[in-house]
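So you can see what is in the structure, the chains are spelled out below.
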Amino acid sequence: MTGRAVRRWTLVGFGALWWWAVTRLLLAPDAGALEGTVAAGGWGLSVLPVHCIPKARADGALAAGRWRGAWTSGARRGRR
């Protein structure tokens with residue numbers, strides 16, 4: 001298997017594990033800390049910005065200090 005296929009099946013496996021935990025939490029009266037931990041951990045990972053790239057390589061990224069310059073020029077205009 002290629003690395004891409006291994007990653008894909010690993011993600012499918014983790015997704016299935018998360019759905020199992022959520023389903024047990026909702027339907028099983030004896031669901032406990034293990035299911036809660038898996039469900040909370042999976043949700044926590046979903047909110048991470050995992051597709052970040054360096055600002056220098058990002059399309060449309062603003063240069064450092066650009067907002068500061070815009071705010072200070074606007075403040076100077078208001079004083080006239």
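Cut-offs and rules
Residues numbered from 1 in each chain as written. Predicted model: local features only at pLDDT ≥ 70, side-chain atom pairs only at ≥ 80, totals over all residues. Heavy atoms only, no water. Helix = DSSP H or I, 4+ residues; strand = E, 2+ residues; numbered from the N terminus. Areas by Shrake-Rupley, 256 points an atom, 1.4 Å probe, with all protein chains shown as cover. 1 Å grid on protein atoms, 1.4 Å probe; cavity = no way out; pocket = protein on both sides within 12 Å on 5 of 7 lines; lining within 4 Å. Points joined across faces, edges and corners; volume = space filled by probe spheres on them. Salt bridge = Lys/Arg side-chain N within 4 Å of Asp/Glu carboxyl O. Buried < 20%, exposed > 50% of the residue type's maximum accessible area, 1.4 Å probe, protein only. Patch = residues over 30% accessible without salt bridge, like charges linked within 9 Å, V, L, I, M, F, W, Y side chains within 5 Å. pLDDT = per-residue confidence, 0-100. Polar contact = N/O pair within 3.5 Å; in protein donor to acceptor, adjacent residues only side chain to side chain. Contact = heavy atoms within 4.5 Å.

Further remarks concern the overall build of the chain. When helices and strands are tallied, the chain shows three helices and zero strands. Across the chain, helices and strands are ordered from the amino to the carboxyl terminus as α-α-α. As displayed, the chain offers around 7,100 Å² of accessible surface, 65% of which is attributable to carbon and sulfur atoms.

A separate point is the layout of surface pockets. Counted as a void, the largest pocket has a volume near 340 Å³. Taken together, twelve residues make up the lining of the largest pocket; nearest its centre are Phe14, Gly15, Trp18, Gly42 and Leu45. Elements with a contribution of two residues or more to the lining of the largest pocket: α1 (3-27) and α2 (33-46). Tallying contributions element by element places α2 first for the lining of the largest pocket, with seven residues.

With that settled, the discussion passes to the pattern of salt bridges. Within this structure, the stated rule accounts for two salt bridges. Between Arg24 and Asp30 there is a salt bridge whose closest N-O contact spans 3.5 Å. Note on Asp30: relative accessible area 57%, which makes it exposed. The network of salt bridges with common partners includes Arg24, Asp30 and Glu35.

Residues Phe14, Leu17, Trp20 and Leu34 make up a contiguous nonpolar surface patch of about 430 Å² in total accessible area. The greatest single-element share of the nonpolar patch, amounting to three residues, is contributed by α1. Along the chain, Trp20 falls in helix α1. You can call Trp20 partly exposed: its relative accessible area is 37%.

Let's shift gears to the confidence of the model for the chain. Low-confidence regions, as indicated by low pLDDT, have predicted coordinates that should not be scrutinised in detail. Per-residue confidence for the chain averages 78 on the pLDDT scale, and 68% of its residues sit at or above 70. Looking over the chain, one finds the lowest element-wise mean pLDDT in helix α3 (residues 66-79), namely 64, and the highest in α1, namely 90.

This brings us to the side chain of Glu35. Positionally, Glu35 belongs in helix α2. In terms of polar contacts, Glu35 uses its side chain to reach the side chain of Arg24, at 2.9 Å. If we skip the residues at most four places from it in the chain, Glu35 touches Trp20, Ala21, Arg24 and Leu25.

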